[in-house]
Every structure is written in C-alpha cells, then in structure tokens.
Amino acid sequence: MRLFSIVLVILSLTSCHVHKKSQINAQDSTVTPPIQKTETSSKDNTSKEEEPISHFSIENATNPLRLDFQTAEMTGEMVLENTTDRYNFAFNIRIHKDSIIWMQLKKFGLEGARILINKDSMYVIDRIHRSYMKKSWQEIQTQMNAPVDFNILYELIAGNPYYMEMGKDSIRSTENMKIITNRKDSNRISIGINAVFEQMISYMIEDLSKNIYLKMDLADYKLLYDKKKFSYLRDLEIISNNVKLLYINLSFNEVKRNTKFKFPFEIPVGYKPMAP
C-alpha cells in the first residue's frame, strides 16, 4: 500500500456524513506548495432514562472539553493496521488554527511522506515512490463518498468533540458517565464523557444505513494549559459489517502549544504525479 493510500484511509475515518456544529474564525495564512481504554467503576450499573436535550445543552456539556490552539506541534508514534498489513511510523504534526495542517511521517528516521492540508486542498509528497499529489477537498469528498473537510480533520487531531447541526439530541447519565447522542437521518454520534474527571473518553460516528462506524477511545490525559488536558493516547477503529477495516493507535510524546514554526513543503524536481 502506498503512503498516499494510507493518508486517504486516515481521512476516510471521518467520512460518516458528519458536519461540524461550530466553525472557527478564519485567519489569513500563506504557505508555498502533505488504547488503553478507561473503565468505569463496577458500581456504575444504574442509569437515568435517556432524555432529550437542546444543542445549547450539548454546547454547555462539551465546551469545557474543547482545546484551543493558535498553533501546535505534536510528535509521537503511530501504529496503523488494515485487513492485511501493519505499519509503524513516527509522526510530526503541526497545525495553525483554521488554516494549515502539516504532517511528516518517518520510518527508521527517514521521511516517507510529507503532507500539507489547507482549507481548499491536500498535498502529499511520497518520498518512497518519488511522487506527489494534489487534490481539492471536493475531489476527496467525491472519492470518499463523504463530506470530509479540513475542519473535521482538525478537530480529530485536536481531540475535540463535534456534532451535527439540526440533529435530534439526547443525554443518558450514570454515576460516572454521561453519554450524549446526536442523530440526524441515518447518522448518529455518541460522545462518552467521564463525569468525574470531565474528560471525553469515547467518541463514535455511525452510519446506520451502511452498518459502518468509527470509534475513538481517548486516554492518558495530561495538563496542557490552564486547566485544559490533552489526550496523549488514542485508539481509532473503523468497522463495517462487524469487520475491522482499520485500526490506528496514536501515542503522542510531546505537544507544544502556541509556538512558532514553519511548514516546509516543496515538491522536488523529478517527482511525478501519483497515479489516480
């Protein structure tokens, strides 16, 4: 599997027809053209009946969980498994609020791929195959048959909850947990919040009509700024018809917030366009 294919698979994780509830104010930026599960107490065996709630209530419940970055640099290790192969990468991710996501994937200290993503397009340099790619979000959405966009990917990396506009919302509470459900048509989002520590520990997107879902478990929360904590360990699974299509483990080593850095990206002379 080419590295570009891996990138597209990662992007497809957020492809269950989800639109982000809130948007971040745009900023100008220019670039030259790529688990451990948290268990609840055994005493937590009773729950309140599921109750309808408003978007306003969801915002009140999830806003304290949100992390805000003007810029951030994240390094760590990634394990990726599909139905046939397993890959290990070291990653460096840099983000600029509402404008740029830059990624570098390394193997044995050597760069395998560099990715630059902005509000309009995604660019990929594949060092192994000496090739490059540029696709607009419209092309990616058509290829993935889903409304994947920059904002969804940004929130996935940041570990922030998001949900669909104009959905039917409800909440179910137990002694230690709050489960927020957001449903629109055949799509459903479930957000699991540890009510004791006020941390999002699970996030699931389902397309009920296709029997496919993405589940993300978040753990190893550490203080990042003020009283805000960042999840340094995440497991992501995408499952279709009870078959695990993809598993990704992200283990973050270091997160630097609001620091200055560059987004180097230049296609070398002699690299050829990737085959469609």
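On a predicted model such as this, the values are computed, not experimentally measured, just so you know.

1. What to know about the overall build of the protein
Along the protein, the regular secondary structure elements total four helices and 15 strands. Looking at the protein as a whole, 53% of its 276 residues qualify as buried. Roughly 14,100 Å² of accessible area belongs to the protein as shown, and the carbon and sulfur atoms make up 49% of that amount.

2. With respect to the pattern of salt bridges
Tallying each qualifying case throughout the model produces 12 salt bridges. With a shortest N-O distance of 2.9 Å, Asp-98 and Lys-119 are connected by a salt bridge. Of this pair, Asp-98 sits in the loop between strand S3 (86-96) and strand S4 (100-107) while Lys-119 sits in the loop between strand S5 (110-118) and strand S6 (121-126), and the two are 21 residues apart along the sequence. Of the charged contacts in the structure, one is a salt bridge between Arg-127 and Glu-111, with a shortest N-O distance of 2.5 Å. Here the residue Arg-127 occupies a position in the loop between S6 and strand S7 (131-136), and Glu-111 occupies one in strand S5, the gap between them amounting to 16 residues. We classify Glu-111 as buried; its relative accessible area is 17%. Each of Glu-111, Arg-114 and Arg-127 takes part in salt bridges that share partners, so that together they form one network.

3. Concerning the confidence of the model for the protein
Predicted confidence across the protein gives a mean pLDDT of 78, with 76% of residues reaching 70 or more. For the protein, the element scoring lowest by mean pLDDT is helix H1 (residues 3-12), at 48; strand S2 (residues 71-81) scores highest, at 94. Low confidence marks residues 1-6, where pLDDT is under 50. Its contacts with residues over four positions away, or in another chain, come to 20 contacts. In the model, residues 11-45 has pLDDT below 50 throughout and makes 101 contacts with residues more than four positions away in sequence or in other chains.

4. Quick look at helix H4 (residues 150-158)
Every α-helix carries 3.6 residues per turn, so stepping three or four residues along brings you back to the same face. Burial runs high along H4: nine of the nine residues are buried. Trailing H4 by a residue or two, Gly-159 shows a phi angle of about 80°, which is positive.

Conventions we followed
- Residues numbered from 1 in each chain as written.
- Predicted model: local features only at pLDDT ≥ 70, side-chain atom pairs only at ≥ 80, totals over all residues.
- Heavy atoms only, no water.
- Helix = DSSP H or I, 4+ residues; strand = E, 2+ residues; numbered from the N terminus.
- Buried < 20%, exposed > 50% of the residue type's maximum accessible area, 1.4 Å probe, protein only.
- Areas by Shrake-Rupley, 256 points an atom, 1.4 Å probe, with all protein chains shown as cover.
- Salt bridge = Lys/Arg side-chain N within 4 Å of Asp/Glu carboxyl O.
- pLDDT = per-residue confidence, 0-100.
- Contact = heavy atoms within 4.5 Å.

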